[in-house]
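Per-entry structural report
Listed here are the chains, written in short residue letters.
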Amino acid sequence: MRFPQLPVEDELEIRSLFARYGHLADAGDPDFAQLFTEDASWTRANSPPASQGGSGLPPETIHGRDHLLALMEEVMKKKFRQRMHHQMTDFYAVPGEGADEAHGHARALITDWRDGPGKIAMFGKYELRFRRTGEGWRIADMTVRVLPSAD
């Protein structure tokens, strides 16, 4: 069985872009917003309660770079004090509907270091859509679903 493939240069650029996601998010780095298109959306589809190790944050969709930057300030810097960390794994990308679009899939172990020794708090599944822009490949849409579920 053969799987659809992106041109090598596109896949490498997308992989490099996505590799920065966890690093910049965890650091609350303002460059995080530059990973996304101007009109990007980022969705937290569900949210485990804090009592189960989750973030306790409500499900929501955020639109645009400015709002994504505010997310980094409020959540990663203030609420989590840069002590929640993503270990992104199992990433792969496939061609999208045209030459300037691609889809990605990844998993993440999210550890919580806020109360001393780190512990695995959540497991996330990421679905992404990438778009080629004048700046290069960027994340156009991202949705994360996490365990443990609130159900």
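Look up a bit, the structure's there.
Residues numbered from 1 in each chain as written. Predicted model: local features only at pLDDT ≥ 70, side-chain atom pairs only at ≥ 80, totals over all residues. Heavy atoms only, no water.

Before going further, it helps to spend a moment on the overall build of the protein. Per the secondary structure count, the protein includes 2 helices and 6 strands. The order of helices and strands in the protein, counted from the N terminus, is α-β-β-α-β-β-β-β. The C-alpha atoms of the protein give 15 Å as radius of gyration, which agrees with the globular expectation for 151 residues (15 Å, within 12%). Dimensions of the protein along its principal axes, counting C-alpha atoms only, are 45 × 35 × 25 Å. Among the 151 residues that make up the protein, the fraction classed as buried is 42%. Long-range contacts, defined here as pairs at least 24 residues apart, represent 55% of the contacts in the protein between residues at least 6 apart. Of the roughly 8200 Å² of accessible surface on the protein, 53% is carried by carbon and sulfur atoms. Put simply, the protein has 19 plus and 23 minus side-chain charges, and the middle of one group is 5 Å from the middle of the other. (Helix = DSSP H or I, 4+ residues; strand = E, 2+ residues; numbered from the N terminus. Rg over C-alpha atoms; globule rule 2.2 N^0.38 Å. Buried < 20%, exposed > 50% of the residue type's maximum accessible area, 1.4 Å probe, protein only. Contact = heavy atoms within 4.5 Å. Areas by Shrake-Rupley, 256 points an atom, 1.4 Å probe, with all protein chains shown as cover. Lys, Arg positive; Asp, Glu negative; His and termini not counted. Charge placed at Lys NZ, Arg CZ, Asp CG, Glu CD.)

A separate point is the side chain of Thr37. Of note, Thr37 is situated in strand β1 (residues 36-44). For Thr37, a relative accessible area of 3% translates into the label buried. Not counting residues up to four positions away in its chain, the partners in contact with Thr37 are Arg65, Arg131, Thr133, Arg138, Ile139 and Ala140.

To continue, consider the sheet that holds strand β5 (residues 119-133). Spatially, 6 strands are ordered β2-β1-β6-β5-β4-β3 in an open sheet, and the strand pairing comes out mixed. The open sheet is flanked by β2 (60-63) and β3 (84-95), the only strands paired with a single partner. If you compare each strand with its neighbour and ignore which way they point, the axes differ by 15° on average. Note: strand β4 (residues 101-112) against β5, 12 bridges, orientation antiparallel. The residue bridging Asp112 from the neighbouring strand is Lys119, located in β5. (Pairing = 2+ DSSP bridges. Axes fitted to C-alpha atoms, helices over the stretch in contact; angles between N-to-C directions.)

This structure, assessed with the given rule, holds 11 salt bridges. Notably, a salt bridge pairs Asp10 with Arg132, separated by 2.9 Å at the nearest N-O pair. Highlighted residues: Asp10 in helix α1 (residues 8-27) and Arg132 in strand β5, separated in sequence by 122 residues. A salt bridge links Arg15 to Glu11; the shortest N-O distance between them is 2.9 Å. Here Glu11 and Arg15 lie together in helix α1, a separation of 4 residues that amounts to about one turn. Connected via shared salt-bridge partners are Glu38, Arg65, Glu135 and Arg138. (Salt bridge = Lys/Arg side-chain N within 4 Å of Asp/Glu carboxyl O.)

All we've got here are geometric facts, nothing functional implied.
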